[in-house]
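# Structural overview
So you can see what is in the structure, the chains are spelled out below.
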Amino acid sequence: MMKVLLLNGSRREKCCTYTALTEVAAALNSRGIGTEVIHAVPTEDTVASVAEKLKEADGLVIGSPVYWASPSGEMVSFLDKLSAAGGAYLKHKPAAAVASARRAGTTATLDVLLKYLEYHQTLIVSSNYWNMVHGNSPEEVKQDAEGLQIMHVLGANMAWLLKCLEAGRKAGIEAPETPPKVFTNFIR
């Protein structure tokens, strides 16, 4: 069975970001895709565990609340460490970023989160609007009908892409080779 990891970068394990991620997971599960929501605490053990799970995972969703118009410091720290420990395992995997906020800062947060995914050549999955929910508590997030729909469409789109990639592999279509990275330095 295919599996998607969902990383919750909130300080609170089961709050608004978790609520959004469980909505994505429900959409994936209803389409036969397994999921695991992980509280992304930036400890060495947790990062190492997630890096190992990324080897086998078929996709990734990273989620963070908005703190000071950015992802949580915990999520940034976690992703910095995960990039070093397991970033290579993200190559050509479907991935998405999700932000939760009481009010604003979501697009800036998504911008930061997406940069981690883009650097590692993930296949970015989108929804029918920016991947965000609003609310100050899980109960309020559950009242954000538009946000919940966005999470469900995101999960459906990811499930579809995962199945397309699986069909492509079965048909002999291989991922493109990546050339060695070129580094340009303008200071001489």
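Relevant structure appears above.
Residues numbered from 1 in each chain as written. Predicted model: local features only at pLDDT ≥ 70, side-chain atom pairs only at ≥ 80, totals over all residues. Heavy atoms only, no water.

## Some details on helix 4 (residues 106-119)
To be explicit about the condition: The way it works is that DSSP assigns letters per residue, a run of H or I at least four long becomes a helix, a run of E at least two long becomes a strand, and they are numbered from the N terminus. Here the expected length of a helix is defined as 1.5 Å per residue gap, with one fewer gap than residues. Accessible area is worked out with a 1.4 Å probe on protein chains only. A residue is then buried under 20% of its type maximum, exposed over 50%, and partly exposed in between.
In this model, helix 4 (14 residues) spans 20 Å end to end at C-alpha, consistent with the 20 Å of a helix rising 1.5 Å per residue. All buried positions along helix 4 are accounted for by T106, T109, L110, L113, Y116 and L117. Q121, located one to two residues past helix 4, shows a positive phi value of around 60°.

## Side note on unusual backbone geometry
Positive phi is not limited to glycine here, since W68 has a value of about 55°. Turning to its location among the elements, W68 is positioned in the loop between strand 3 (59-67) and strand 4 (70-71). For W68, a relative accessible area of 86% translates into the label exposed. We note that Q121 has phi near 60°; this positive angle belongs to a residue other than glycine. Position of Q121 among the secondary structure elements: in the loop between helix 4 and strand 6 (123-124). With relative accessibility at 32%, the residue Q121 sits in the partly exposed group.

## Structural notes on the pattern of salt bridges
Condition: Criterion for a salt bridge: a side-chain nitrogen of Lys or Arg within 4 Å of a carboxyl oxygen of Asp or Glu.
Throughout the structure, instances matching the rule amount to five salt bridges. Across the pair E36 and K3 runs a salt bridge, and its minimum N-O distance is 3.0 Å. Residue E36 is located in strand 2 (residues 34-39), and its partner K3 is located in strand 1 (residues 3-8); the two are separated by 33 residues in the primary sequence. Residue classification places E36 among the partly exposed residues on the basis of a relative accessible area of 22%. Between E36 and K53 there is a salt bridge whose closest N-O contact spans 2.6 Å. In this pair, E36 sits in strand 2 while K53 sits in helix 2 (residues 44-56), placing the two residues 17 residues apart along the sequence.

## Let's talk about empty space enclosed by the protein
Any empty space left between the atoms is revealed when a probe the size of a water molecule rolls over them. Stated precisely, the cut-off is as follows: In this analysis a 1.4 Å probe is tested at points of a 1 Å grid over the protein atoms alone, and where it fits but cannot get out there is a cavity; an open set with protein on both sides within 12 Å along at least five of seven lines is a pocket; lining residues have an atom within 4 Å of a point. Grid points are joined across faces, edges and corners, and a volume is the space filled by probe spheres set on the points. Each residue gets one of three labels, nonpolar for Ala, Val, Leu, Ile, Met, Phe, Trp, Tyr, Cys and Pro, charged for Asp, Glu, Lys and Arg, and polar for the others, Gly among them.
Going through the model one piece at a time under the given rule, you end up with one cavity of 30 Å³ or more. Every residue along the wall of the largest cavity is listed here: L60, L79, L82, S83, G87, L90, Y116, L117 and H120. Among the secondary structure elements, those contributing two or more residues to the lining of the largest cavity are helix 3 (73-86) and helix 4. No other element matches helix 3, which puts three residues into the lining of the largest cavity. Each residue belonging to the lining of the largest cavity can be placed in one class, and the counts come to six nonpolar, three polar and no charged.

## A few points about the nonpolar core
Note the following rule: Throughout this description, the term nonpolar core refers to a set of buried Ala, Val, Leu, Ile, Met, Phe, Trp, Tyr and Cys residues connected via side-chain atoms within 4.5 Å. In this description, contact between two residues means that some pair of their heavy atoms is separated by no more than 4.5 Å.
Within the largest apolar cluster, 25 residues are counted, with the highest numbers of intra-cluster contacts made by V4, V61 and M158. When residues of this core are traced back to their parent elements, those giving at least two are strand 1, helix 1 (16-29), strand 5 (94-101) and helix 6 (145-170). For this core, the element with the highest residue contribution is helix 6, accounting for eight residues. Other than its neighbours up to four places away in sequence, V4 contacts L28, I33, G34, T35, E36, G59, L60, V61, M158 and L162.

## A few points about the state of the cysteines
Worth spelling out the cut-off: Throughout, disulfides are identified as pairs of cysteine sulfur atoms within 2.5 Å of each other.
Enumeration according to the criterion identifies zero disulfides in this entry. The closest cysteine sulfur to the non-disulfide-bonded C15 is located on C16, 4.1 Å from its own sulfur. Assessed through its relative accessible area of 15%, C15 is described here as buried. Accessibility expressed as a relative area gives 9% for C16, which makes it buried.

## Side note on the environment of S10
Quick reminder of the rule: Definition of a polar contact: a pair of N or O atoms within 3.5 Å, with one able to donate and the other able to accept a hydrogen when the atoms are protein atoms, and with sequence-neighbouring residues admitted only if both atoms are side-chain atoms.
Looking at where S10 falls in the secondary structure, it is placed in the loop between strand 1 and helix 1. You can call S10 buried: its relative accessible area is 6%. Here the alpha-carbon distance between S10 and P71, two residues 61 residues apart in the chain, equals 8.8 Å. At 3.0 Å, the side chain of S10 forms a polar contact with the backbone nitrogen of R12.

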